[in-house]
Amino acid sequence: MFRQAWSEVRHHPGRFLSTIIAIAISVAFLAGSAVLVATEGQAQGKAMNVSLAEADVVVTIPPEGSGKGLGPAIASVAGVATSAPVYTMSDVVTSGAISEAISFVNLPPDGLRWASLTAGRWPSTANEVVLSGGAAGALGLKVGDPLALAGRSESVQVVGLTNEPSGLFVKTGYASDARFVASGYTADNAQQWAIKAAPGASVADLIDTLKAKLTAIEPTVKVASAAEVRATSIAHLAQDFDVFANVLWAFAGVALIVGMITIANTFTITLAQRRRQIGLLRAVGASGGQVRRRFLIEAFVLGAVGSLLGVAAGIGIAVGVTAWSTALFWGLVLPWAQLALALGLGVLATVVAAFVPILRGTRVAPLEALHPVPESDERRRASMVRAIACGLFVLAGAGLATLAVVRVDPNALLIAIGAGALLSIGVLFGGPLFVPALLRLAGRAFRWTGAVPRLAADNAERNPRRATATATALMLAVGLMVTLQVATASVRLTVLDELSAHYPVDLQVHWTQDSGEPAQIPAEASSQLARATGVDASVLLSGGEAEVGDQGLLLLGYDPAIRAVTGISTGVRDDQVLVSEYLVKSLPKTVTVKGAAGSATLTVVGSRLVSYEQAMVSAANLAKVVTPVPGTVMWLSVPDRSHAIDATVAVNRIVGSGDRLSGSIIEAAAYEQVMNILLAITTGLLAVAVLIALIGVGNTLGLSVMERRRESALLRALGLQARSLRVMLLIEAVQVAVVGIVVGVVAGTFFGWLAVTAVGRSGGFDSIRFAVDVPVTAGMVAIAVLAAALASVLPGRRAARAAPSEMLADI
Amino acid sequence: MTTTTTAPAPTDQIASATGLTKTYGTGEAQVHALAGVSIGFGRGSFTAVMGPSGSGKSTLMHCLAGLDRPTSGEVVLGGQVISQLSDRELTAVRRDRVGFVFQAFNLLPTLTAEQNIVLPLELAGRRVDRTLLAGLVDSLRLGDRLTHLPSQLSGGQQQRVAIARALITQPAVVFADEPTGALDSTSSHQLLNYLRHTSQVMEQTIVMVTHDPNAAGYADRTVLLSDGRLVDDLVAPTPDMVLAAMKKLGA
């Protein structure tokens, strides 16, 4: 039985190719995600504990303990080849407009070294550092370049580069022991010791010996294997990665569902095509059960082949991605349990998807083999049961949707998701009720243009069940993609609106001395800032530290020029103090403002002008309360959002450190970046599902072309040019695809709106902006239609290539 | 049994083939469907091409009608050499200069009878001659069936629609491949009578492949093929004469 199924697959690979591809893609997604997450997770764990990468045993001293005298004690234990204390220091490093957080570690002795130099030398003096290749790349630095450290006036030089890549979150550099010593790190207050065991020594024994010896000196010491310490820190990370992994598997699940629709469709058509073969089997004496079993085994074989290919492809893709993200440097992780699960799911999905089509398709009378019955017209009346069931789903979904949109409820998003799910089920399963009508509508648009378009429209409309299944897969995939697009675009716009509404200051520069006290912005800097790219107005504000009630805030003096810069025209009366709206609730109605020069009792007014750490009074009051530092804060107006990045870079360069910058543009830029990345990732992930759906379109077409061999031959005999035949198939494919895509876009836009409105309701936003990124969505639709047209190329060539006489001879 | 060569004079021929061969496959499995056939058809003639299975009669028709290209030899149709035309040109020839009637699966299932009839004209982008159409529909008694789909027509009605389609382009030759194979005797008789009428009154050249001696009796010439060669050429034979000629082949 297996051998028969296997030989069937081997001899007619084309028939099964698209099924195998659909399954392979879904399983590749599952497997690839698993490997990717595991490898990135390990890389993250190792990168964060880079100092322990080569160690075998780690000694940890908790903050309350003392590490005095541990160094020599460790070194004296037999079986310890090398030991060294671990120091880490983080600094924000700036090069031009780019700032990065670098984690500096001390250079370990040879046995514990995990990276090697690619250029230059190791640091020796306190002013020398070595950067990892990844950190240097991100900052654009070479050997010999100087580095500015945020908040410090000293400058430091890069003397070497190492081969290690940067982690996703942490970039490493090396500082000399001299530098650490200068900052107060000694062997006695080190909190970790990395230990390398001598070759041949047992790590377990070493741990025991060390534990015994060291707890005698300091009882709170912990000794553990390096692997265990790494695993613990990875486990802390794991929560974040678990979410990441779950999201990936959710998307892979969508791809799998779309794949199952495609497979079910393929099996329906293949079995219809093999009616004669089935009839022959029955005529020769096979029972219905034996025939069904044979096809189920074929489905199993297909699922197995596809899943194996998928796992291999998934691993390959994950290797590629982790090589690019440099996580591969820390080693590839193959989570066998999850890979086996992916394989199993692929096989299961194939068999489940093929089950009903096989049941239906094998109910063939033995006479089929002798008298093939021409394809009957499948225009059946819609099933009452289906109409009622889907109607109920849609009603329930609509009800929940109304609930989510109308009520202010913290769970609004969940309700909206539930509504979306119910509506989706109603629409997807109700396909046969409305897709044929939509196809006819679409057909009416072009069937009058000629004989070939009319033939195409006829063909697309005459097998509604098949066309519906194809269109349904597209609806699902495209719908999800558009939902996420719309949701992201809307959230982005809403957030940006909120930001500019709630924080009217576009860019703020704030100058302090090393001690944190306000200082005047250097004249050179302020004049440059006023003229920076994108800045059209600016104002310099004086200020000083003061106590407003019990809050220590930076007190600023009002300047009429604020009106031009922020667009807010209300000023500050002499009896008022403006504080941030968040603070108003925690302060009494009148409050004493106390400073170095005096105090004043003022009424508290909430305002969007000042941030959480600021307060504002009239210029007269400022002079009364503090000794104002002139020009310590500068507000810049950048009216054109498209100049936001240029302005930020220019200002960053002028002020020298990102610490001094804040403002709605900075926050907005961060949001934009995250949103864009999120959008790119989700679109990419869902594109996989759309690809599978489009493979389904090409597949449906290809198999129906095979079924219509005789008709194609007749048309060619009657004088239809080969190219016209291909055009006819193209039109058919596009017609079905367009119906699916349009429904998907409409549904996706609605669900996106629903989700955004629900989020707004649950988050208490006063106004939610709804946005559809028209160029992007239109672009996606165009690409999908193009891909559908492409899907018709191969079937078209096959249909047109055969000589008309060949097919006619088969009577 | 007289074996008179009845090839019409070359100037009168609407279609002819010279030295046609057609070979399929290679090596051991090589099949010589046609092994050198030369034949001509006069304008307005109704010829039956007969022979046992595997004699090459369908292959001959395919080559004559531009459905396939011969391995060697020349085919002239309506004054044009078609044997080595490109696929595009051959398709155009089939559309404009040839009419087809097959044994079964003649019609497109999604088109009505009328749409099926005018299909070749639509594909060519030519206007429908309403008078001609009306005349054909009338003489084939299809008037009340024009809006029906093929699934709603009987076998005989389907074949009549096929003939109307074959004739609507006023082709040089109408090729019929076993047109009565799936019909009962009454329908067959009506159909063959119509074909004869068309060839005699409207001067339409018809070449019909058949294995039925009774059908051959309606034609005014019968040629016999065996093993890819022309072996007999009879003028207006009766079914008995045809039967006898075929029995001779079998011997």
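Residues numbered from 1 in each chain as written. Chains lettered and ligands numbered in written order. Predicted model: local features only at pLDDT ≥ 70, side-chain atom pairs only at ≥ 80, totals over all residues. Heavy atoms only, no water.

S.K.: Please provide a residue-by-residue account of a positive patch on the surface, values included.
M.R.: A surface patch of like charges, here positive, comprises Arg723, Arg726, Arg797, Arg798 and Arg801 of chain A together with Arg88 of chain B. Those elements that place two or more of their residues in the positive patch are helix H23 (722–763) and helix H25 (793–801) of chain A. The biggest single contributor to the positive patch is H25 of chain A, with 3 residues. Assessed through its relative accessible area of 36%, Arg726 of chain A is described here as partly exposed. (Patch = residues over 30% accessible without salt bridge, like charges linked within 9 Å, V, L, I, M, F, W, Y side chains within 5 Å. Areas by Shrake-Rupley, 256 points an atom, 1.4 Å probe, with all protein chains shown as cover. Salt bridge = Lys/Arg side-chain N within 4 Å of Asp/Glu carboxyl O. Lys, Arg positive; Asp, Glu negative; His and termini not counted. Charge placed at Lys NZ, Arg CZ, Asp CG, Glu CD. Helix = DSSP H or I, 4+ residues; strand = E, 2+ residues; numbered from the N terminus. Buried < 20%, exposed > 50% of the residue type's maximum accessible area, 1.4 Å probe, protein only.)

S.K.: Let's hear about the sheet that holds strand S11 (residues 222–225) of chain A: which residues, and what values?
M.R.: Residue and element names in this part refer to chain A. As summarised here, the arrangement of the 4 strands in space is S2-S10-S1-S11, forming an open sheet in which the pairing is antiparallel. Single-partner strands in this sheet number two, and they are strand S2 (80–86) and S11. The sheet shows a mean angle of 20 degrees between the axes of neighbouring strands, taken without regard to direction. The pairing of strand S1 (residues 57–60) with strand S10 (residues 192–197) spans 4 bridges and is classified as antiparallel. Across the sheet, residue Val57 finds its bridge partner in S10, namely Ile195. (Pairing = 2+ DSSP bridges. Axes fitted to C-alpha atoms, helices over the stretch in contact; angles between N-to-C directions.)

S.K.: Give a detailed account of unusual backbone geometry, specifying residues and quantitative values.
M.R.: Although it is not a glycine, Gln170 of chain B adopts a positive phi angle of roughly 50 degrees. In this structure, Glu203 of chain B takes a positive phi of about 55 degrees despite not being glycine.

S.K.: Lay out the interface of chain B and chain A in plain terms, naming residues and giving numbers.
M.R.: Each side of the interface is counted separately: chain B has 24 residues, and chain A has 24 residues. Overall, the association of chain B and chain A removes approximately 2400 Å² of surface from exposure, summing both partners, and the carbon and sulfur fraction of that is 63%. Three residues stand out in chain B for area buried against chain A, namely Phe105, Thr110 and Leu123 of chain B, and they jointly supply 25% of the buried area on that side. Applying the counting rule to chain B against chain A returns 2 salt bridges. Taking the shortest distance from any N to any O, the salt bridge between Arg454 of chain A and Glu122 of chain B comes out at 2.8 Å. Scanning the region where chain B abuts chain A turns up 7 residue pairs in polar contact (both at pLDDT 80 or more). Breaking the side of chain B that touches chain A down by element, the ones donating at least two residues are helix H2 (87–97) and helix H3 (113–124) of chain B. Among the elements that line the side of chain B that touches chain A, the one with the most residues is H2 of chain B, at 6 residues. Broken down by class, the residue content of the side of chain B that touches chain A amounts to 11 nonpolar, 6 polar and 7 charged. (Contact = heavy atoms within 4.5 Å. Buried area = accessible area lost by both parts, 1.4 Å probe. Polar contact = N/O pair within 3.5 Å; in protein donor to acceptor, adjacent residues only side chain to side chain. Nonpolar A, V, L, I, M, F, W, Y, C, P; charged D, E, K, R; others polar.)

S.K.: Describe the nonpolar core, listing the residues and the values that go with them.
M.R.: Val258 and Leu474 of chain A together with Leu20, Leu60, Phe100, Val173 and Phe175 of chain B are the most contacted members of the largest nonpolar core, which has 118 residues in total. The contacts of Leu474 of chain A, once residues within four sequence positions are left out, are Gly479, Ala693, Leu694, Val697, Ala737, Gly740 and Ile741 of chain A. Counting 41 residues, the second-largest nonpolar core is a separate cluster that includes Ile117, Leu153, Ala164 and Met208 of chain B. (Core = buried A, V, L, I, M, F, W, Y, C linked by side-chain atoms within 4.5 Å.)

S.K.: Explain the packing of aromatic side chains residue by residue, including any values.
M.R.: For the structure shown, the criterion picks out 7 aromatic pairs over all chains. Centre to centre, the rings of Phe100 of chain B and Phe102 of chain B are 5.4 Å apart; their planes meet at 10 degrees, and the pair counts as stacked. What links up through ring pairs into an aromatic cluster is the set Tyr87, Phe180 and Tyr185 of chain A. Sitting above the plane of the Phe295 of chain A ring, Arg294 of chain A keeps its charged end 5.9 Å from the centroid. (Phe/Tyr/Trp six-rings, centres within 6.5 Å; stacked < 30°, edge-to-face > 60°. Lys NZ or Arg CZ within 6 Å of the ring centre and 35° of its normal.)

S.K.: Run through the side chain of Ser33 of chain A, naming residues and quoting values.
M.R.: Residue and element names in this part refer to chain A. Looking at the element boundaries, Ser33 is found in helix H2 (residues 13–48). Residue Ser33 is classed as buried on the basis of its relative accessible area of 5%. Among residues more than four places away in sequence, those in contact with Ser33 are Ala28, Leu248 and Trp249.

S.K.: Could you give me a rundown of the sheet that holds strand S8 (residues 205–209) of chain B, with the residues and numbers involved?
M.R.: Residues and elements named next belong to chain B. Spatially, 6 strands are ordered S6-S7-S8-S3-S9-S10 in an open sheet, and the strand pairing comes out mixed. With partners counted over all chains shown, the strands left at the sheet margins are strand S6 (98–101) and strand S10 (229–235), one partner each. This sheet shows a mean twist of 20 degrees between the axes of neighbouring strands, independent of strand direction. Both strand S7 (residues 173–177) and S8 contribute to a ladder of 5 bridges, which runs parallel. Considered in S8, the bridge of Val174 is made with Ile206. Contacting strand S3 (46–50), S6, S7, S8 and strand S9 (221–226), helix H1 (residues 57–65) runs over the sheet at an angle of about 155 degrees to S7. Strand contacts of helix H5 (residues 155–168): S6 and S7, with the helix running at about 175 degrees to S6, the strand carrying the most contacts.

S.K.: Lay out the confidence of the model for chain B with the relevant residues and their values.
M.R.: Residue and element names in this part refer to chain B. Looking at chain B, pLDDT values average 88 and 95% of them are 70 or higher. Mean pLDDT across the elements of chain B ranges from a minimum in helix H8 (residues 239–250), with 84, to a maximum in S8, with 94. Counted against residues more than four places away or in other chains, residues 1–5, with its pLDDT under 50, gives 6 contacts. Confidence estimates for the predicted assembly give a pTM of 0.71 and an ipTM of 0.86. (pLDDT = per-residue confidence, 0-100.)

S.K.: Report on the pattern of salt bridges, specifying residues and quantitative values.
M.R.: Within the structure shown, the criterion is met by 15 salt bridges over all chains. Measuring nitrogen to oxygen at the nearest pair gives 3.5 Å for the salt bridge that ties Asp96 of chain B to Arg126 of chain B. With Asp96 of chain B in helix H2 and Arg126 of chain B in the loop between H3 and helix H4 (130–139), this pair connects stretches of sequence that are 30 residues apart. Asp96 of chain B sits in the partly exposed class, given a relative accessible area of 22%. Beyond isolated ion pairs, a larger network of salt bridges with shared partners links Arg447, Asp458 and Glu461 of chain A.

S.K.: Explain the environment of Gly79 of chain B to me, and be specific about the residues and the numbers.
M.R.: Residues and elements named next belong to chain B. When you line up the elements, Gly79 lands in the loop between strand S4 (72–77) and strand S5 (80–81). The class for Gly79 is exposed, based on a relative accessible area of 70%. Residues Gly79 and Ala104, 25 residues apart in the sequence, show an inter-C-alpha distance of 30 Å.

S.K.: Please set out H1 of chain B residue by residue, giving values where relevant.
M.R.: Residues and elements named next belong to chain B. Buried residues dominate H1, accounting for 8 of its 9 residues. For H1, the complete set of buried residues consists of Lys57, Thr59, Leu60, Met61, His62, Cys63, Leu64 and Ala65. Following H1 by one or two positions, Gly66 adopts a phi angle in the positive range, close to 80 degrees.

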